[in-house]
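Here is what each chain is made of, one letter per residue.
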Amino acid sequence: MNDPLWGLPDPDLHADLYADVPVKRAIAWVFDALLVFLLTLLALPFTAFLGLFFYPLLWIGISFLYRVFTIAGGSATWGMRLMSIQLRTGRGERFGPADAIMHTLLYTLCVSFLVPQLISAVLMMTSARSQGLHDMVLGTTAINRSR
């Protein structure tokens, strides 16, 4: 097959799997950001509060580890799990550790710069599979979790 997304459900035939995914991703993102904020606050005493001087780097590091471990462990961050969505590869499979690392790396690059972040948000709202820029590069997407 020439289609790199051959394993993902067709958005026309299985619209229920993509219903409200952009909104759910946004809510999950807010939940995950708050959780990462709390984790950075918990980490500060362990840096003898020197983490205050490099707080953005502390945030990026904790966020990266949080996303990699939660996505590798269940194909979704805790925010995504709360919203009943999960990430899938272009083959339709749940994410493994390598997928989680690559997705998190590209996600981190996208949100680190305004233009890619805006492009990603627009793509999530307008693409058939609700894919962000990083999802399109990797051939991945988020879908509603089967019940």
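Details of the structure are given in the entry above.
In this report, we go over the structure that sits alongside the text. Computed from a predicted structure; not experimentally measured. (Residues numbered from 1 in each chain as written. Predicted model: local features only at pLDDT ≥ 70, side-chain atom pairs only at ≥ 80, totals over all residues. Heavy atoms only, no water.)

**Quick word on the packing of aromatic side chains**
Thought 1: Evaluation of the coordinates by the stated rule reveals two aromatic pairs.
Thought 2: Consider the rings of Y66 and W78, whose centres lie 5.8 Å apart with planes at 80°: the pair is edge-to-face. A residue pair is termed long-range when its members are at least 10 positions apart, and Y66 in helix α2 (residues 55–74) and W78 in helix α3 (residues 78–82) qualify at 12 residues.
Thought 3: Residue Y66 is classed as buried on the basis of its relative accessible area, which comes to 7%. (Phe/Tyr/Trp six-rings, centres within 6.5 Å; stacked < 30°, edge-to-face > 60°. Helix = DSSP H or I, 4+ residues; strand = E, 2+ residues; numbered from the N terminus. Buried < 20%, exposed > 50% of the residue type's maximum accessible area, 1.4 Å probe, protein only.)

**A closer look at the nonpolar core**
Thought 1: Core analysis: the biggest nonpolar cluster contains 11 residues, these being V21, A28, I71, A76, M80, M83, I85, L87, F95, A100 and A142.
Thought 2: For this core, the secondary structure elements donating two or more residues are α1 (21–43) and β1 (85–88).
Thought 3: In this structure, L87 is in contact with R25, I71, S75, M80, E93, R94, F95, H103, T141 and A142, ignoring residues within four places of it in sequence. (Core = buried A, V, L, I, M, F, W, Y, C linked by side-chain atoms within 4.5 Å. Contact = heavy atoms within 4.5 Å.)

**Details of the layout of surface pockets**
Thought 1: The calculated volume of the largest pocket comes to roughly 410 Å³.
Thought 2: Along its surface, the largest pocket is lined by 20 residues, and R25, A26, W29, Y107 and M124 are the ones closest to its centre.
Thought 3: Contributing elements (two or more residues each) for the lining of the largest pocket: α1, α2, α4 (97–112) and α5 (114–126).
Thought 4: The element contributing the most residues to the lining of the largest pocket is α1, with six residues.
Thought 5: Of the residues assigned to the lining of the largest pocket, the class counts are 12 nonpolar, five polar and three charged.
Thought 6: Considered as a void within the structure, the second largest pocket measures approximately 220 Å³ in volume.
Thought 7: Looking at the second largest pocket, the residues that line it are W29, A33, V36, W59, I60, S63, F64, R67, Y107, T108, V111 and S112. (1 Å grid on protein atoms, 1.4 Å probe; cavity = no way out; pocket = protein on both sides within 12 Å on 5 of 7 lines; lining within 4 Å. Points joined across faces, edges and corners; volume = space filled by probe spheres on them. Nonpolar A, V, L, I, M, F, W, Y, C, P; charged D, E, K, R; others polar.)

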